[in-house]
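Remarks on the overall topology
Residue-level listing of the chains:
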Amino acid sequence: MQVVGAVLFACALIHTFSAKAFDLLAHRHPRHAGLFDLLGEVEVVFGFWAFLLIMAMALLSGPQAAIDYAESRQYTEPLFVFVVMVVAASRPVLDSVRALLGMLARLAPVRTELALAWLGLALVPLAGSLVTEPAAMTLAALMLAPQIFRPHVPEWLKYGALGVLFVNVSIGGTLTAYAAPPVLMVAGTWGWDSAFMAATFGWKAALAVCINATGAIVLLRRHLEAEPYTASAEATSPELVPRMPRLVALIHLAFLAAVVLLAHHPVLFLGVFLMFLGFTQSYQRYQDPLILKEGLLVGFFLAGLVVLGGMQQWWLQPVVSSLGPTALFFGALGLTAITDNAALTYLGSLIIGLSDHEKYMLVAGAVAGGGLTVIANAPNPAGAALLKRGFNDESIGAVGLFLGALMPTAVAAALFLV
């Protein structure tokens, strides 16, 4: 079963990197366009292959073994990402964040649209250390979509901005010990608290985030200046939208805070989410449609990664344990591109006898490489789902993302190696 699991995992990786090819098949074979469009959705890939793994396990090891394995996996992270995406993307929360960033942008000594884009690529990812990385990714993606990810911006610049966003979110959550999944996996075992994270990783991450965001804005400045920023349709027709009461915004922010505080207790944060859904139904006039479909697709993707990733320990752990400190950094940076970085650090936490320097190198490499692919970091599928409409064919190419993330990854890696 371990060999079958590794083969199916490899198939899922190949499928992920060739997802755009299914769009071409949909055009060539219109009779089956629906199926090819489905298989071309990056968020569907790992869930699809995880389903095949469970079927193979049922055939080879028996139905009960397949059920036992599926039920032994921990699905807290997929559930949390789904819930926090929907809550963070609600209109009252977005309006509050837009108002705050708009105020800060007007105080900046540069054009407002430049400042807003920089804040979306730098401040919001760093805020992920407080509100968790999936929430930061959701807010940043929705803030940046009408500014950067639109038709008149060259495709290569959009991939560059996407790479910066993914890398910055991956490293921006390292200022605390609870917000970044790869840090959370080892913090309790190794005794790392938020003070340690801020002193060891945080300042380097903050510096890298600012450098990456500034470089992206320098390249994008002509395109951002070409058209003033409009946060949403409300900016052009305010008379059609009811004014947002402060109490409604505060209640939504309280729901978001409750979900973040209960991130490791799915029964409780799902209960809060049901209350949130009831509240949004009661005050529909202050709401935009919730992103339930996008959130469910991302949750499905991450759940599939949990199922498939659980079968890879037999080859990943020996690789990780055999590397020295410097090789461990670059090995983790490379491996995280083909497997979730939280799974990688979790395997590292099981190794007995790692030195403090090796522990640092493992986590630093895992978070630095978190923007290279969609599967490298748990929040990446959320960003891809929310931003893919801004790209050609409404899909994000794996090669384009990889190339766009290379330079910001190099900046993060260089600072973490200091």
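Residues numbered from 1 in each chain as written. Predicted model: local features only at pLDDT ≥ 70, side-chain atom pairs only at ≥ 80, totals over all residues. Heavy atoms only, no water.

1. Examining helix α17 (residues 313-321)
For the record, the criterion: In this scheme, a residue with accessible area under 20% of its type's maximum is buried, one over 50% is exposed, and one in between is partly exposed, where area comes from a 1.4 Å probe on protein chains only. Secondary structure elements are defined from DSSP: runs of H or I of at least 4 residues count as helices, runs of E of at least 2 residues count as strands, and each element is numbered from the N terminus. Working note: the arc is built from the helix axis to C-beta atom directions. The contact rule is simple, with two residues in contact once any of their heavy atoms fall within 4.5 Å.
Where α17 is concerned, the buried positions are Leu316, Gln317 and Val320. For α17, the buried positions fall inside an angular range of 95° around the axis, keeping them on one side. Buried residues along α17 sit against α18 (325-335), α19 (341-349) and α20 (356-368).

2. Quick notes on unusual backbone geometry
Although it is not a glycine, threonine 132 sits at a positive phi angle of roughly 80°. With respect to the element layout, threonine 132 can be found in the loop between α9 (123-131) and α10 (133-144).

3. Regarding the nonpolar core
Spelled out, the test is: Residues belong to a common nonpolar core when they are buried Ala, Val, Leu, Ile, Met, Phe, Trp, Tyr or Cys residues joined through side-chain atoms within 4.5 Å.
Core analysis: the biggest nonpolar cluster contains 136 residues, and Phe46, Leu121, Ile148, Leu165, Ile171, Leu308 and Phe416 have the highest contact counts within it. Here phenylalanine 46 is in contact with Phe9, Ala12, Leu13, Thr16, Phe301, Gly304, Leu305, Leu308 and Ile375, once residues within four sequence places are set aside. In this structure, Phe22, Ala26, Ala33 and Leu39 belong to the second largest nonpolar core, which totals five residues.

4. Description of the side chain of histidine 223
If you trace the backbone, histidine 223 turns up in helix α13 (residues 194-225). On the basis of relative accessible area, histidine 223 is assigned to the buried category, the value being 13%.

5. Concerning the pattern of salt bridges
For clarity, the threshold we go by: Salt bridge, as used here: a side-chain nitrogen of Lys or Arg that lies within 4 Å of a carboxyl oxygen of Asp or Glu.
As enumerated under the stated definition, the model contains five salt bridges in all. For arginine 111, the salt bridge identified is with glutamate 113, shortest N-O distance 2.7 Å. A relative accessible area of 43% places arginine 111 in the partly exposed class. Each of Arg91, Asp95 and Arg98 takes part in a single network of salt bridges with overlapping partners.

6. Quick look at the packing of aromatic side chains
What counts is decided by this rule: When the centres of two rings from Phe, Tyr and Trp lie within 6.5 Å, Trp using its six-membered ring, the rings pair. Their planes under 30 degrees apart give stacked, over 60 give edge-to-face, and anything left gives tilted. Over a ring means this: the NZ of a Lys or the CZ of an Arg is within 6 Å of the ring centre and within 35 degrees of the ring normal.
Considering all chains together, one arrives at 17 aromatic pairs under this definition. Between phenylalanine 82 and phenylalanine 273 the ring centres are 5.4 Å apart and the planes differ by 70°, which places this aromatic pair in the edge-to-face class. Placement of phenylalanine 82 in helix α6 (residues 76-88) and of phenylalanine 273 in helix α15 (residues 266-282) is noted, with a sequence separation of 191 residues between them. In this pair, the class of phenylalanine 82 matches that of phenylalanine 273, namely buried. Ring centres of tryptophan 192 and phenylalanine 196 lie 4.9 Å apart, and the angle between their planes is 35°; on these two criteria the pair is classed as tilted. Within the aromatic cluster, the residues linked to one another by ring pairs are Phe82, Phe255, Phe273, Phe276, Phe279 and Tyr283. Over the ring of phenylalanine 391 we find lysine 158, and its NZ or CZ is 5.8 Å from the ring centre.

7. Quick notes on a nonpolar patch on the surface
Stated precisely, the cut-off is as follows: Patch membership requires more than 30% relative accessible area and the absence of a salt bridge. Residues of like charge join within 9 Å; the nonpolar side chains Val, Leu, Ile, Met, Phe, Trp and Tyr join within 5 Å. Note on areas: these come from Shrake-Rupley sampling with a 1.4 Å probe, and a residue is covered only by the protein chains present in the view.
Together, Leu100, Met103, Leu104, Leu107 and Leu123 give the surface a local cluster of nonpolar side chains, amounting to about 460 Å² of exposed area. When residues of the nonpolar patch are assigned to their parent elements, the largest contribution, four residues, is made by helix α7 (residues 91-107). Along the polypeptide, leucine 100 turns up in helix α7. With a relative accessible area of 46%, leucine 100 lands in the partly exposed category.

Any functional reading would require information beyond the geometric quantities listed.
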